[in-house]
Amino acid sequence: MGLGWYALLCGHLLFHRDRLGYAAPIESVHLPSIGRFWHVSDLHLDPTYHITEDPSKVCFSSKGVPASNPGLFGDFMCDSPYTLIQSAFQHMSQVTPQPHFTIWTGDSPPHVPAGELSTDMVIQVISNMTKTIREHFPNMPVYPALGNHDYWPQDQFPTSTNAIYQAVAKIWEPWLQPDSLVTLKEGGFYSQLVRPGLRVLSLNTILYYSPNKVTVNQTDPAGQFQWLQDTLDMAAQSQEKVLVIGHVPVGYLPYARGTTAIREADNERLVAIFRKYSDVIAGHFYGHTHRDSIMVLLDQQGKPVNSMFVSPAVTPIKSINEPYSNNPAFRMYHYDTRERVLLDIWQYYLNLTEANQEMKADWALEYIMTESFGLKDVQPESLLQLALSFQLPQAKTFDKYFNYFMVSYDNSVVCEGDCKTTQVCSALYMDHLSYSKCIGKSP
């Protein structure tokens, strides 16, 4: 079935704005075949956040750096106060119609030195965030992935069962089936059928994360590579489509030239697996970078085969040396429930500066992806055309894309030259050879 009807429908949607200030389609225009799911990532609760006269003591997560303009909903030098996280889930719970499920791609604890946390504290923060989500969505399935901060010490995820894997399996038991909990307890990963013909596959990408010293030089940490291929084989035999979720994304970072977030050898292996099973995979969904970005997986002949999305964070934190941060954000995906293909992204955000000034969290629709970029859908072919347009000298699409990358943090910040090349190459090329050619390096 063609997807032109969806673009046509989106072009004629009528919108209203309710008392909370978000845009939502009038419910009567929705077709039964359109499904929806939330994606929320990088909550990073900082329970120490408070307003005080000394700006260097507003939050532990600033590591002594003075807060820039602290308010009720946070500060760009700090991780999330609970009021910010509560406001996000409150807003999500009032959007209609409600999505079918939520994916939650990790990182609940704050960015603080290891000495400020412990295994018990990390478990408690994850438990508190889970309870918050369940309070707002008591009947909605949620499919989590573990982030690099969801362990103590951070990043050092082991390859066998441990206190945190066991704890999250118990905490997330209301959401997951018994067979999902088995692999979660053993390796921090699982897969589960969301609905007939559609499966979520939650990867523990921290097993491949560069700072993880535990898994260095291991060819298949926790047996996840083999499990991934076996699970995708099973999905193919069952004629299922798979949503791959994880915390740390595959590919090259859009802000650090020549750098993969996971170890480069593991990245090459994952890219090869994803190419092999691209007809089974309906999309990839990650977090970790705190920014909003896309990647399109090309096969070895250059054909676009998978769409990959990195969701921006709820936390607004940035380091002192970064020229920009992100406004708090979460998003909704639209998909065709019959064809099991992705259709669109509705990105929501909070203008943190205005929220603090007005002492009111007016979450708003930042963009609808097909409308903002004139796309038919968010399938690989559409994303490839979008990413290729970034390279055109007169095109304004990249400027818009980079503003969304920062979640409308500051439209006076520009990305040109090497900055733009790094962004564009990371969107288009995910393996070492093609990426190196793009940025002009020899392989």
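Now for a look at the structure at hand. (Residues numbered from 1 in each chain as written. Predicted model: local features only at pLDDT ≥ 70, side-chain atom pairs only at ≥ 80, totals over all residues. Heavy atoms only, no water.)

Focus on the overall build of the chain
- Within the chain, the secondary structure is distributed over 13 helices and 14 strands.
- Scaling as 2.2 N^0.38, a compact globule of 443 residues should have a C-alpha radius of gyration of about 22 Å, and the chain matches this with 21 Å.
- Considering the chain as a whole, with its 443 residues, one finds that 62% of them fall into the buried category.
- Taking as baseline every contact in the chain between residues at least 6 positions apart, the subset at least 24 positions apart corresponds to 69%.
- For the chain, the accessible surface area stands at approximately 17,200 Å², while carbon and sulfur atoms represent 52% of it.
- Across the chain, the 31 positively charged side chains and the 43 negatively charged ones have centroids separated by 4 Å. (Helix = DSSP H or I, 4+ residues; strand = E, 2+ residues; numbered from the N terminus. Rg over C-alpha atoms; globule rule 2.2 N^0.38 Å. Buried < 20%, exposed > 50% of the residue type's maximum accessible area, 1.4 Å probe, protein only. Contact = heavy atoms within 4.5 Å. Areas by Shrake-Rupley, 256 points an atom, 1.4 Å probe, with all protein chains shown as cover. Lys, Arg positive; Asp, Glu negative; His and termini not counted. Charge placed at Lys NZ, Arg CZ, Asp CG, Glu CD.)

Looking at the layout of surface pockets
- Reported here for the largest pocket is a volume of approximately 590 Å³.
- As for the largest pocket, its lining consists of 30 residues, of which His111, His290, Ile317, Ser319 and Glu322 are closest to the centre.
- Counted by class, the lining of the largest pocket contains 12 nonpolar, 13 polar and 5 charged residues.
- Around the second largest pocket sit 15 residues that line it, and Ser278, Val305, Asn306, Gln379 and Pro380 are the ones nearest its centre.
- Among the elements of the structure, strand E9 (281-286), strand E11 (304-310) and helix H10 (380-389) are those that each provide at least two residues to the lining of the second largest pocket.
- Classifying every residue of the lining of the second largest pocket by side-chain character gives 6 nonpolar, 4 polar and 5 charged. (1 Å grid on protein atoms, 1.4 Å probe; cavity = no way out; pocket = protein on both sides within 12 Å on 5 of 7 lines; lining within 4 Å. Points joined across faces, edges and corners; volume = space filled by probe spheres on them. Nonpolar A, V, L, I, M, F, W, Y, C, P; charged D, E, K, R; others polar.)

Observations concerning the side chain of Ser62
- On the secondary structure map, Ser62 appears in the loop between strand E3 (34-40) and helix H2 (82-94).
- Residue classification places Ser62 among the buried residues on the basis of a relative accessible area of 6%.
- For Ser62, the side chain forms a polar contact with the main-chain oxygen of Val65, separated by 2.9 Å.
- Non-local contacts of Ser62, meaning those with residues more than four positions away in its chain, are made with Ser56, Met77 and Cys78. (Polar contact = N/O pair within 3.5 Å; in protein donor to acceptor, adjacent residues only side chain to side chain.)

Section: the packing of aromatic side chains
- Applying the stated criterion across every chain yields a total of 31 aromatic pairs.
- Between Phe390 and Phe398 the ring centres are 5.6 Å apart and the planes differ by 70°, which places this aromatic pair in the edge-to-face class. Like Phe398, Phe390 is buried.
- Through successive ring pairs, a cluster of aromatic residues spans Phe37, Phe101, Tyr143, Phe285, Phe309, Tyr333 and Tyr335.
- Positioned over the ring face of Phe373 is Lys400, at 5.7 Å from the centre of the ring. (Phe/Tyr/Trp six-rings, centres within 6.5 Å; stacked < 30°, edge-to-face > 60°. Lys NZ or Arg CZ within 6 Å of the ring centre and 35° of its normal.)

Here we look at the sheet that holds strand E5 (residues 142-144)
- Across the sheet, which stays open at both edges, the 6 strands sit in the order E5-E4-E3-E12-E13-E14 with mixed pairing between neighbours. Strands with a single pairing partner mark the edges of an open sheet, and in this sheet they are E5 and strand E14 (364-368). Shown here is a sheet whose adjacent strand axes are inclined to one another by a mean of 25°, direction ignored.
- Sheet topology note: the strand E4 (residues 101-104)/E5 ladder contains 3 bridges and is parallel. Opposite Ile103, over in E5, you have Tyr143 as the bridge partner. (Pairing = 2+ DSSP bridges. Axes fitted to C-alpha atoms, helices over the stretch in contact; angles between N-to-C directions.)

Describing the state of the cysteines
- Using the criterion set out here, one finds 3 disulfides in the structure.
- Put simply, Cys415 and Cys419 are joined by a disulfide, and their sulfur atoms are 2.0 Å apart. Between Cys415 and Cys419 the disulfide shows an S-S torsion of about -110°. By sign, it is left-handed.
- Judged by relative accessible area, Cys419 falls into the partly exposed class, the value being 30%.
- Paired by a disulfide, Cys425 and Cys438 hold their sulfur atoms 2.0 Å apart. The sign of the S-S torsion, about -85°, decides the handedness of the disulfide formed by Cys425 and Cys438: left-handed. (Disulfide = S-S within 2.5 Å.)

Things to note about the environment of Tyr333
- Along the chain, Tyr333 falls in strand E12 (residues 329-336).
- On the accessibility criterion, Tyr333 (0% relative accessible area) is buried.
- Note: C-alpha distance between Tyr333 and Val378 (45 residues apart in sequence) is 9.8 Å.
- Residues contacting Tyr333, with those up to four places away along its chain left out, are Gly35, Arg36, Phe37, His39, Phe285, Phe309, Asp344 and Ile345.
- At 2.9 Å, the side chain of Tyr333 forms a polar contact with the side chain of Arg331.

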